[in-house]
Amino acid sequence: MKYFGTDGFRGEANVTLTADHAFKIGRFLGNYFQDGEHRVRVIVGKDTRLSGYMYETALAAGLTASGADVYEIHVTTTPSISYLIREKKFDFGIMITASHNPYTDNGIKVINGQGQKLEEEIEQQIEDYIDRKIAELPYATGENLGRCYDYTEGKESYKLYLQKLVKHSFEGKVIALDLSNGSASRLAGAIFENLGAEIHRINDKPDGMNINRHCGSTHIDKLQEYVREIGADAGFAYDGDADRCLAVDEQGEVVTGDHIMYICGRYLKKQGRLKDDMVVTTVMSNMGLYKAFDDAGIRYEQTAVGDKYVCANMMENDYVLGGEQSGHIIFSEHAVTGDGILTSLMIMEAMLSENKALSELTDGLAIYPQLLVNVKVKDKAAAREDQDVVAVEKEVEAALGEDGRLLLRESGTEPLIRVMVEAKSDELCRVNVDKIIEVLRAKGHERTE
C-alpha cells in the first residue's frame, strides 16, 4: 500500500503526512460509516507530539464535514481508544500517534468498531480517495453537520476498568515508571498509586518534542539505572502511545516481551486459564523462549511481525495470551490490542499471586544472544529481493544450523531492512550480521544521507 503500513498511516509531520491527508481521511471515514439515519460517532485521541494538535483539528474538520460526531479525548493511550470503542459503542476510533518514533514523525491509526486495527480493504479505499481515484464525497449540510464534544471523561472510565482487573493490593511495593514523555504520563502513575504502590516517575513531563527521546521502552537503560538507584521492586517502561511495555526486575535486569510472555504464560497455565496451553508469538521471539515453553509444557504458534497478526491469530482461535518481543502483549480476556499499562498490571499480579520477586519469575528462561541491526535503505523491496543478499542469507542460515537463526525482513513502518541473528555467542551474532550488512552496502542499497 502507498500510505498505510502495518500500523496505520505514518510519516514525517507535514512532509509525508500532512494536515490535508488528515482532513481527507476524516472526510472519507465520516462518510463511509454513514448508514441511513444513523449518526456516526467517532472517538479521537492523540499522544503528546507537537503535531498532534494539527492532526486532531484536521481530522475533526473532515469528520464533521461528512456528518460524523467527534468525541475528542485528547492525550490518551492507544489501548484506551480500543477499550472505549467497545465499551461505549463508538462506530470507530482514531489515534494520532507514531508510537516509538521521534516527535518529528506522526501517524493516524484507525481502529474499527471491534477495537482492532482497520481492515486493509478500507485502508485501500482511503488511499484511493486521497489520490482522487474515486469520486468526491458529498458534504453534510444544515442539521446534518457533525459536532465536536470534549470527552476527557473517557480516560477515567478506562482507568477504573484497569484498576478493577487487579485482585491484589500493591501496598508496600516500590515501582519505577518510565513514561516516555508520552501518552501514559498522566495515566499509569495514577493507576498504580490508586492500587497502593509507592510510585517514582521519570520522563513524565511531555513538551511536545521530548516524546521517546532517550527514554521509554526503546531506551530501557535509563529505567535500569533508576531501578537500581532507588531500590525499586520493579520498573515499567512504555512507548509513546503506551501500547507496549518492557520491564526491569529488582536487580536492574531487562524483562523483555519474551520474558513477559513466559511469566504470564506460566501464571495463566497454573490457574487453568491458558486455553490449549497456547501462547501466540511472532517470528522475532527468541529461541530460548521456545525451549523454556517446551520445558514448561506450553505450546506456541508463530505469526508474521506485527501485533495485528498476533491478534488475528488469537481472535480466530480464542487464545488468551500472545505478543511480541518488543513488548506488545495481548491479554484477550481483557483487551483486543496490546496495552502497556495492562501488561504491567498483569506482571504485578503474577508477582503478588506467587509471592516472588520479578527476577524469580524468569527462572528457567535462558535467552540466546541476539543482535538486531536496522539498515536504512533506498528501496526495501529491491534490497530484500537482491539475489546476492538472498545468497548470503542462505550462507548464514547454513552456518548457524540448529544452534542459531537469521531473520531478515523489511520494516513495516520505516525505510529499513532489519537484520537479526541469534547464536550461541555475541561474537557469532556480530560476525553473521556483518556479513549481511556488507552485501547490502556493497550492492549500494544502504541510504547514507
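Above this text sits the structure in question.
Residues numbered from 1 in each chain as written. Predicted model: local features only at pLDDT ≥ 70, side-chain atom pairs only at ≥ 80, totals over all residues. Heavy atoms only, no water.

Draft legend 1. Geometry of the overall build of the chain. Of the regular secondary structure elements, the chain holds 14 helices and 19 strands. Here the C-alpha atoms of the chain give a radius of gyration of 22 Å, agreeing with the 22 Å that 2.2 N^0.38 yields for 449 residues. Its C-alpha atoms give the chain principal-axis dimensions of about 70 × 60 × 40 Å. Split into buried and exposed, the 449 residues of the chain put 58% on the buried side. Restricting the contact set of the chain to residue pairs at least 6 apart, pairs at least 24 apart contribute 71%. (Helix = DSSP H or I, 4+ residues; strand = E, 2+ residues; numbered from the N terminus. Rg over C-alpha atoms; globule rule 2.2 N^0.38 Å. Buried < 20%, exposed > 50% of the residue type's maximum accessible area, 1.4 Å probe, protein only. Contact = heavy atoms within 4.5 Å.)

Draft legend 2. The pattern of salt bridges, seen in detail. Taken as a whole, this structure holds 31 salt bridges when the rule is applied. Ionic pairing is found between Lys 46 and Glu 56, a salt bridge with its closest N-O pair at 3.0 Å. With a gap of ten residues between them, Lys 46 in strand β3 (residues 41-46) and Glu 56 in helix α2 (residues 52-65) connect regions that are remote in the sequence. Given a relative accessible area of 4%, Lys 46 falls into the buried group. A salt bridge links Asp 307 to Lys 117; its shortest N-O distance comes to 2.7 Å. Of this pair, Asp 307 sits in helix α10 (residues 307-317) while Lys 117 sits in the loop between β6 (105-111) and α4 (120-130), and the two are 190 residues apart along the sequence. Counted as one network, the salt bridges with shared partners bring together Asp 7, Arg 10, Lys 109, Lys 117, Asp 241, Asp 243 and Asp 307. (Salt bridge = Lys/Arg side-chain N within 4 Å of Asp/Glu carboxyl O.)

Draft legend 3. Geometry of the sheet that holds strand β10 (residues 234-238). Judged by pairing direction, the sheet is mixed, and its five strands sit side by side in the order β9-β8-β10-β11-β12 without closing on themselves. Of all strands in the sheet, those with a lone pairing partner are β9 (198-202) and β12 (254-255), marking the two edges. Strand direction decides the pairing type here: strand β11 (residues 245-248) and β12, joined by two bridges, are antiparallel. Across the sheet, residue Val 248 finds its bridge partner in β12, namely Val 254. (Pairing = 2+ DSSP bridges.)

Draft legend 4. Focus on the sheet that holds strand β19 (residues 416-422). Spatial strand order, β17-β19-β18: three strands in an open sheet with antiparallel pairing. Strands at the two margins of the open sheet, each flanked by one partner only, are β17 (370-376) and β18 (405-410). Between one strand axis and the next, the sheet turns through 15° on average, direction left out of account. Sheet strands touched by helix α13 (residues 387-400): β18 and β19. Its angle to β18, the strand with the most contacts, is close to 155°. (Axes fitted to C-alpha atoms, helices over the stretch in contact; angles between N-to-C directions.)

Draft legend 5. How the structure looks around the packing of aromatic side chains. Counting across every chain of the model gives 16 aromatic pairs. A centroid spacing of 4.5 Å and a plane angle of 20° characterise the contact between Phe 33 and Phe 92, whose relative ring orientation is stacked. Within this pair, whereas Phe 33 is found in the loop between α1 (19-32) and β3, its partner Phe 92 is found in strand β5 (residues 92-96), the two being separated by 59 residues in sequence. Through successive ring pairs, a cluster of aromatic residues spans Phe 28, Tyr 32, Phe 33, Phe 92 and Tyr 129. Positioned above the aromatic ring of Phe 90 is the side chain of Arg 41, whose terminal nitrogen or guanidinium carbon lies 4.3 Å from the ring centre. (Phe/Tyr/Trp six-rings, centres within 6.5 Å; stacked < 30°, edge-to-face > 60°. Lys NZ or Arg CZ within 6 Å of the ring centre and 35° of its normal.)

Draft legend 6. How the structure looks around the packing of helix α5 (residues 153-165) against helix α11 (residues 340-354). Look at α5 against α11: their axes get within 10 Å of each other, and the N-to-C directions meet at 20°. Considered as vectors, α5 and α11 are oriented roughly parallel to each other. Here α5 runs over α11; the crossing is right-handed. Here Tyr 158, Leu 162 and Leu 165 of α5 come into contact with α11, specifically with Ile 341, Leu 342, Leu 345 and Glu 349. The residue makeup of the contact of α5 with α11, split by class, is six nonpolar, no polar and one charged. (Parallel < 35°, antiparallel > 145°, perpendicular 65-115°, else oblique. Left-handed = near helix turned anticlockwise from the far one by under 90°. Nonpolar A, V, L, I, M, F, W, Y, C, P; charged D, E, K, R; others polar.)

Draft legend 7. A look at the environment of Ala 232. In this fold, Ala 232 is placed in the loop between α7 (221-230) and β10. Residue class for Ala 232 comes out buried when judged on its relative accessible area of 2%. Residues Ala 232 and Ala 176, spaced 56 residues apart in sequence, show a C-alpha to C-alpha distance of 6.3 Å. With residues near it in sequence (within four places) discarded, Ala 232 still touches Val 174, Ala 176, Val 227 and Glu 250.

Draft legend 8. Expanded view of the pairing of β17. A one-sided burial pattern is seen for β17, the buried positions being Leu 371, Val 373 and Val 375 and the unburied ones Gln 370, Leu 372, Asn 374 and Lys 376. With seven bridges joining them, β17 and β19 adopt antiparallel strand pairing. Bridge pairing in β19 places Val 375 opposite Ile 417.

Draft legend 9. Local environment of the packing of helix α8 (residues 257-270) against helix α9 (residues 287-296). The contact between α8 and α9 brings their axes to 10 Å, and the two run at 10°. Regarding the angle of α8 to α9, the classification is roughly parallel. Across the interface between the two elements, Asp 258, Met 261, Tyr 262, Arg 266 and Lys 269 of α8 pack against Leu 289, Ala 292, Phe 293 and Ala 296 of α9. A class-by-class count of the residues in the contact of α8 with α9 yields six nonpolar, no polar and three charged.

Draft legend 10. Focus on the pairing of β3. Most of β3 sits out of view: five of its six residues are buried. In this structure, β3 lies alongside strand β4 (residues 69-75), joined through six bridges in parallel fashion. Of the residues in β4, the one forming a bridge with Val 42 is Val 70. Handedness of the crossover joining β3 and β4 through α2: right-handed. Here five bridges tie β3 to β5, and the two strands are oriented parallel to one another. Along β5, the bridge assignment pairs Val 44 with Ile 94. (Right-handed = clockwise from strand over helix to strand, strands pointing away.)

Draft legend 11. Molecular detail of the nonpolar core. Residues Phe 192, Phe 236, Tyr 238, Ile 341 and Leu 345 are the most contacted members of the largest nonpolar core, which totals 64 residues. The element contributing the most residues to this core is α11, with eight residues. In terms of nonpolar packing, the next biggest core, distinct from the first, is built from 30 residues, Phe 9, Ala 68, Ile 94 and Tyr 129 among them. (Core = buried A, V, L, I, M, F, W, Y, C linked by side-chain atoms within 4.5 Å.)

Draft legend 12. Looking closely at the side chain of Glu 123. Mapping Glu 123 onto the fold places it in helix α4. Despite its burial, Glu 123 pairs with no opposite charge, the nearest such side chain being Lys 308 at 5.2 Å. Filtering out sequence-adjacent residues up to four positions away, Glu 123 remains in contact with Met 1, Phe 4 and Leu 118. (Lys, Arg positive; Asp, Glu negative; His and termini not counted.)

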